[in-house]
Amino acid sequence: MTTNILVTGGAGYIGTHTCIALIESGHTVVVADNLSNSKRESIEKIKRITNKEFPFYEIDISNKQAVETIFKNHRIDGVIHFAGLKAVGESVEKPSMYYENNLVSTLVLANSCLKFGINRFVFSSSATVYGENEVPFVETMDLLPSTNPYGETKAMCERILTDIAKANPSFSVSLLRYFNPIGAHESGLIGEVPNGIPNNLMPYITQVAKGMREYLSIFGNDYPTIDGTGVRDYIHVMDLAEGHVAAINFVTEGVHIYNLGTGQGTSVLQLVKAFEEANGVTIRYEIVDRRPGDIASCYANVYKARRELCWIAKRDVVTMCKDAWRFEKNYQHQVV
Ligand code: NAD
Ligand code: WQD
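By the naming in an unreviewed UniProt entry, the chain is UDP-glucose 4-epimerase, taken from Solibacillus palustris. In its Sequence similarities (unreviewed entry) section, UniProt records this for the chain: "Belongs to the NAD(P)-dependent epimerase/dehydratase family." Regarding the chain, the UniProt comment filed under Cofactor (unreviewed entry) reads as follows: "NAD(+)".

What follows is the structure, given as structure tokens:
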């Protein structure tokens, strides 16, 4: 069934890919983003890839009036709420900005949904809410405190939405806990564009491959993992996007939590090697001290999403590396 979905943060990395997956599976979208970490050209690129038009609102989701205007102008069947600030280090430096932006936007959006009778809500959460639990992480685990305000905003938003759903039985909330999204759309037109020096591993690798950075610093090789470097569950961003389509299609009342990952752990050195082999390039690296706040291993138990959403991640690490590199090669970074 075709539904009309409001995608907040739809100009960003995961939002753009999800808009494509939604449109390609027959849904229509309305996109809202304040462009604080993205560009308007991403919206044009979604239209180019899908060959479809859709409304775009440059608004802040914390602005109640602006959000309500969208609900007055369009019949919206559900929302996918990506809008949020996501840089872990920045959240330590500017906690109040993170709490305000991520919590207020979620509250305003959820309250507006209740007011307008929109009862499908999908929220971008993160594996960071598990903290240093034992791997693989499973949805039934007790959450452990995060080492940073960003992670706390995700745990708090999960809590807020859970309480709202409990008090409003017709409200359906899906809390999607993403593992480590990497890669790009196969067109090479859209992908991840970090602001300044990349914090995350894959964008750093692609920038080293491009010659923008001299070498990759690998944060520690003394973890209790296969080769001493950190292990993560990397998931192709298009698989993640398709997970959102599955979640929006599956509507039952109440709160539903799903891990979106592959279930496979890959170490930093394994990812570097896979990237080199997939793309025929060499990545220089040096081992440096551990990064504060990092954990040794993080990967998902993915059975719940498979069972209930009939969704699994299909793309392998080689495809993730090829697609990330195709996008990076095409993309012209602005010189600041
Ligand atoms: P992104 O920064 O590329 O996209 C987020 C978008 O939200 C941006 O376009 C930004 O301009 C917009 N935005 C931020 N605050 C807003 C506000 N108040 N009003 C309107 N627009 C606003 O990030 P992403 O990687 O696409 O992440 C999307 C969501 O997924 C975020 O909530 C993030 O915390 C979450 N998440 C991301 C990852 C990851 O590794 N990328 C992992 C787990 C969870
Ligand atoms: C992966 C591995 C690093 C960079 C973060 C957030 C999480 C979520 C996803 C938003 C680790 C190592 C990294 C580098 C390195 N984001 N590394 N050199 O830390 O798992 O998760 O992004 O929701 O909340 O915390 O991802 O890509 O930063 O790191 O050695 O230059 O690569 O130590 O083992 P992380 P990451």
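Draft legend 1. Layout of the overall build of the chain. Each helix and strand counted, the chain has 11 helices and 14 strands in total. The C-alpha radius of gyration of the chain comes to 19 Å, within 12% of the 20 Å expected for a compact globule of 336 residues. For the chain, the spread of C-alpha atoms along the principal axes amounts to about 55 × 45 × 40 Å. Residues classed as buried in the chain amount to 54% of the 336 residues present.

Draft legend 2. Spatial organisation of the site of ligand 2. Around ligand 2 there are 18 residues in total, and Tyr-150, Ser-217, Arg-232, Arg-291 and Asp-294 lie nearest to it. For ligand 2, an oxygen atom lies 2.8 Å from a polar atom in the side chain of Arg-291. Compared with its free state, where it exposes 690 Å², ligand 2 has 87% of that area covered by protein. With four residues, the top contributor of residues to the shell around ligand 2 is strand β8 (residues 216–219). A per-class count over the shell around ligand 2 returns eight nonpolar, seven polar and three charged.

Draft legend 3. Quick look at the packing of helix α5 (residues 95–115) against helix α6 (residues 149–167). In the contact formed by α5 and α6, the axes pass within 9 Å of each other and the chain directions differ by 20 degrees. With respect to each other, α5 and α6 are oriented roughly parallel. As α5 packs across α6, the resulting crossing turns out to be right-handed. For the pair formed by α5 and α6, the contact residues are Pro-95, Tyr-98, Tyr-99, Asn-102, Leu-103, Thr-106, Leu-107, Ala-110 and Leu-114 on the first element and Pro-149, Tyr-150, Glu-152, Thr-153, Met-156, Cys-157, Ile-160, Leu-161 and Ile-164 on the second.

Draft legend 4. Structural context of the nonpolar core. One finds Val-7, Leu-22 and Val-31 to be the most contacted residues of the largest nonpolar core, which totals 37 residues. The set of elements that each furnish at least two residues to this core consists of β1 (4–8), α1 (13–24), β2 (28–32), α2 (40–50), β6 (172–178), α8 (237–249), β11 (254–260) and α10 (303–309). For Val-7, the contacting residues outside a window of four places in its chain are Gly-15, Cys-19, Leu-22, Val-29, Val-30, Val-31, Ala-32, Ile-80 and Phe-82. Listed in part, the 29 residues of the second largest apolar core include Ile-61, Ile-118, Cys-157 and Phe-171.

Draft legend 5. Spotlight on the UniProt feature "domain: NAD-dependent epimerase/dehydratase" (unreviewed entry) in the chain. Here the UniProt-annotated "domain: NAD-dependent epimerase/dehydratase" (unreviewed entry) positions come out as residues 5–261. As annotated, residues 5–261 comprises 39% helix and 19% strand, and the C-alpha atoms at either end are separated by 23 Å.

Draft legend 6. Up close: the pairing of β2. With four of five residues buried, β2 is to be regarded as a mostly interior element. As defined by bridge partners, β1 adjoins β2 across five bridges and the pair is classed as parallel. Paired with Val-7 across the two strands is Val-31, which belongs to β2. Taken together, β1, α1 and β2 form a β-α-β motif whose crossover is right-handed. Sheet analysis places β2 next to strand β3 (residues 56–57), joined by two bridges and oriented parallel. Within β3, the residue paired with Val-31 across the bridge is Phe-56.

Draft legend 7. Spatial organisation of the site of ligand 1. Around ligand 1, a shell composed of 26 residues is seen, among which Ile-14, Asp-33, Asn-37, Ser-38 and Tyr-150 lie nearest. At a separation of 2.9 Å, a nitrogen atom of ligand 1 approaches a polar side-chain atom of Asn-101. Across the complex, the protein chains shield 95% of the 820 Å² of accessible surface that ligand 1 would expose by itself. Only α1, β5 (120–126) and α6 provide two or more residues apiece to the shell around ligand 1. Split into classes, the residues belonging to the shell around ligand 1 amount to 11 nonpolar, 11 polar and four charged.

Draft legend 8. The confidence of the model for the chain, seen in detail. Overall, the predicted model of the chain reaches an average pLDDT of 97, with 99% of residues at or above 70. Among the prediction metrics, the complex's ipTM stands at 0.99, with pTM recorded as 0.99.

Draft legend 9. Quick look at the pattern of salt bridges. Applying the stated criterion across every chain yields a total of 18 salt bridges. Across the salt bridge formed by Lys-47 and Glu-53, the nearest N and O atoms sit 3.4 Å from each other. For Lys-47, a relative accessible area of 14% corresponds to the buried category. Because the salt bridges share partners, they merge into one network encompassing Asp-239, Glu-242, Lys-314 and Arg-315.

Draft legend 10. Broad picture of the packing of aromatic side chains. Under the definition given, this model contains seven aromatic pairs. Looking at Lys-47, its charged tip hangs above the ring of Phe-54, at a distance of 5.2 Å from the centre. For Lys-304, the ring lying beneath its charged end belongs to Tyr-258, and the centroid distance is 4.9 Å.

What counts, and at which threshold
Residues numbered from 1 in each chain as written. Chains lettered and ligands numbered in written order. Predicted model: local features only at pLDDT ≥ 70, side-chain atom pairs only at ≥ 80, totals over all residues. Heavy atoms only, no water. UniProt positions renumbered as here; feature names shortened; annotations may be inferred. Helix = DSSP H or I, 4+ residues; strand = E, 2+ residues; numbered from the N terminus. Rg over C-alpha atoms; globule rule 2.2 N^0.38 Å. Buried < 20%, exposed > 50% of the residue type's maximum accessible area, 1.4 Å probe, protein only. Near = heavy atom within 4 Å. Polar contact = N/O pair within 3.5 Å; in protein donor to acceptor, adjacent residues only side chain to side chain. Areas by Shrake-Rupley, 256 points an atom, 1.4 Å probe, with all protein chains shown as cover. Nonpolar A, V, L, I, M, F, W, Y, C, P; charged D, E, K, R; others polar. Axes fitted to C-alpha atoms, helices over the stretch in contact; angles between N-to-C directions. Parallel < 35°, antiparallel > 145°, perpendicular 65-115°, else oblique. Left-handed = near helix turned anticlockwise from the far one by under 90°. Contact = heavy atoms within 4.5 Å. Core = buried A, V, L, I, M, F, W, Y, C linked by side-chain atoms within 4.5 Å. Pairing = 2+ DSSP bridges. Right-handed = clockwise from strand over helix to strand, strands pointing away. pLDDT = per-residue confidence, 0-100. Salt bridge = Lys/Arg side-chain N within 4 Å of Asp/Glu carboxyl O. Phe/Tyr/Trp six-rings, centres within 6.5 Å; stacked < 30°, edge-to-face > 60°. Lys NZ or Arg CZ within 6 Å of the ring centre and 35° of its normal.

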